[in-house]
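# Overview (structure and organization)
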Amino acid sequence: MTIRRLHVGPRLSEVAVHNGVAYLAGQVPEDLTQGAAEQTQAVLASIDRLLAELGTDKTKILMAQIFLRDMNDFALMNTAWDAWVVPGHTPPRATVEAGMFNPNCRVEIVITAALSA
């Protein structure tokens, strides 16, 4: 059994890969001064970078879990999400309201994705 970890830190790894599946840690925006749509765009860009590093892409996402600080941001998050996902490859998804690590963080996204063959 081989588990590969990328961007390993003292508290967490950004990615773990096992049996052809990549598990991304919750991705959060760096700039917490932005609004929900902009924070979502930044998080999605981080996801794109990590998936590309693994040789895969957003069309291989198996599951997305989205955490919003405030469900009033749902429409703004969805605007960014809808512009990002590839039609015909929209993954299963759950979106919940959650307390965040910082009150200025509006969105966190966790991704599970298949590696490209």
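A short tour of the structure in this document, coming up. (Residues numbered from 1 in each chain as written. Predicted model: local features only at pLDDT ≥ 70, side-chain atom pairs only at ≥ 80, totals over all residues. Heavy atoms only, no water.)

### As for the packing of aromatic side chains
In the structure shown here, the tally under the stated rule is 1 aromatic pair. When the centroid spacing of 5.3 Å and the interplanar angle of 50° are considered together, the rings of W81 and W84 count as tilted. In this pair, W81 and W84 are both assigned in helix α2 (residues 74-84), 3 residues apart and thus about one turn of the helix distant. When the ring centre of W81 is taken as reference, the NZ or CZ atom of R93 above it lies at 5.2 Å. (Phe/Tyr/Trp six-rings, centres within 6.5 Å; stacked < 30°, edge-to-face > 60°. Helix = DSSP H or I, 4+ residues; strand = E, 2+ residues; numbered from the N terminus. Lys NZ or Arg CZ within 6 Å of the ring centre and 35° of its normal.)

### Some thoughts on empty space enclosed by the protein
Applying the stated criterion across every chain yields a total of 1 cavity of 30 Å³ or more. Size it by volume and the largest cavity reaches roughly 30 Å³. Contributing to the lining of the largest cavity are K58, I61, W84, V85, V86, H89 and P91. Residues belonging to the lining of the largest cavity are distributed by class as follows: 5 nonpolar, 1 polar and 1 charged. (1 Å grid on protein atoms, 1.4 Å probe; cavity = no way out; pocket = protein on both sides within 12 Å on 5 of 7 lines; lining within 4 Å. Points joined across faces, edges and corners; volume = space filled by probe spheres on them. Nonpolar A, V, L, I, M, F, W, Y, C, P; charged D, E, K, R; others polar.)

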